[in-house]
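Letter by letter, the chains look like this.
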Amino acid sequence: QVQLVESGGGLVQAGGSLRLSCVVSGGTFSRYAMGWFRQAPGKEREFAASISWKGGNTGYADSVKGRFTISRDNAKNTVYLQMNSLKPEDTAVYYCARGGAFSGSSEDRTEYNYWGQGTQVTVSS
């Protein structure tokens, strides 16, 4: 049984930083691409960042490019999202998700079949 558990969310002022973590249990973590998505109130869930199974390729939404960094530590079965220069419009519930086996980074939600419960990020102005 695959489980994903996010942590690291919270309340931060605009311009601040947070690092989200997602620990994955079940399956062989190192074989799978991983992604971060977010959902703001009243909006659809949207892609934020992704990383290939080997970690060599990453992808970012234009809205976070240059401010967010995704990384993975296969020894810890963990994927991270470092978020810098946060803006009020980054406020959302952030979800990590497991993508395809031996896959590259992808922003396509349909390629992700396991999801965490989400962690709230609130950025005050």
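Structure shown above.
Cut-offs and rules
Residues numbered from 1 in each chain as written. Predicted model: local features only at pLDDT ≥ 70, side-chain atom pairs only at ≥ 80, totals over all residues. Heavy atoms only, no water. Buried < 20%, exposed > 50% of the residue type's maximum accessible area, 1.4 Å probe, protein only. Helix = DSSP H or I, 4+ residues; strand = E, 2+ residues; numbered from the N terminus. Pairing = 2+ DSSP bridges. Contact = heavy atoms within 4.5 Å. Disulfide = S-S within 2.5 Å. Axes fitted to C-alpha atoms, helices over the stretch in contact; angles between N-to-C directions.

Draft legend 1. Structural detail: the pairing of strand E1 (residues 3-7). Only one face of E1 is buried, namely the one carrying Leu-4 and Glu-6, since none of Gln-3, Val-5 and Ser-7 on the opposite face is buried. Pairing geometry for E1 and strand E3 (residues 18-25), over five bridges, is antiparallel. Within E3, the residue paired with Val-5 across the bridge is Val-23.

Draft legend 2. The side chain of Arg-98, seen in detail. Structurally, the position occupied by Arg-98 is in strand E9 (residues 92-101). Every residue in contact with Arg-98, bar those within four places of it in the chain, is listed here: Val-2, Leu-4, Gly-26, Gly-27, Tyr-32, Ala-33, Met-34, Glu-111, Tyr-112, Asn-113 and Tyr-114.

Draft legend 3. Structural detail: the state of the cysteines. Inspection of every chain in the model, using the stated rule, returns one disulfide. Across the disulfide, Cys-22 is cross-linked to Cys-96 (sulfur-sulfur distance 1.9 Å). Taking the sign of the S-S torsion, about 45° here, the bridge from Cys-22 to Cys-96 comes out right-handed. Pair noted here: Cys-22 is in strand E3 and Cys-96 is in strand E9, with a separation of 74 residues, a long-range link. One exposure class covers both Cys-22 and Cys-96, and it is buried.

Draft legend 4. Fine view of unusual backbone geometry. Despite not being glycine, Ser-85 shows a phi value in the positive range, around 50°. Along the polypeptide, Ser-85 turns up in the loop between strand E8 (78-83) and E9. The backbone of Phe-102 sits at a positive phi, close to 55°, despite the residue not being glycine. With a relative accessible area of 51%, Phe-102 lands in the exposed category.

Draft legend 5. Structural detail: the pairing of E3. Relative to E8, E3 runs antiparallel, the two being bridged by six bridges. Each bridged residue has a counterpart across the sheet, and for Leu-20 the counterpart in E8 is Leu-81.

Draft legend 6. Spatial organisation of the sheet that holds E1. An order of E1-E3-E8-E7 is seen for the four strands of this open sheet, with the pairing classed as antiparallel. Either end of the sheet is taken by a strand with one partner, and the two such strands are E1 and strand E7 (68-73). Shown here is a sheet whose adjacent strand axes are inclined to one another by a mean of 15°, direction ignored.

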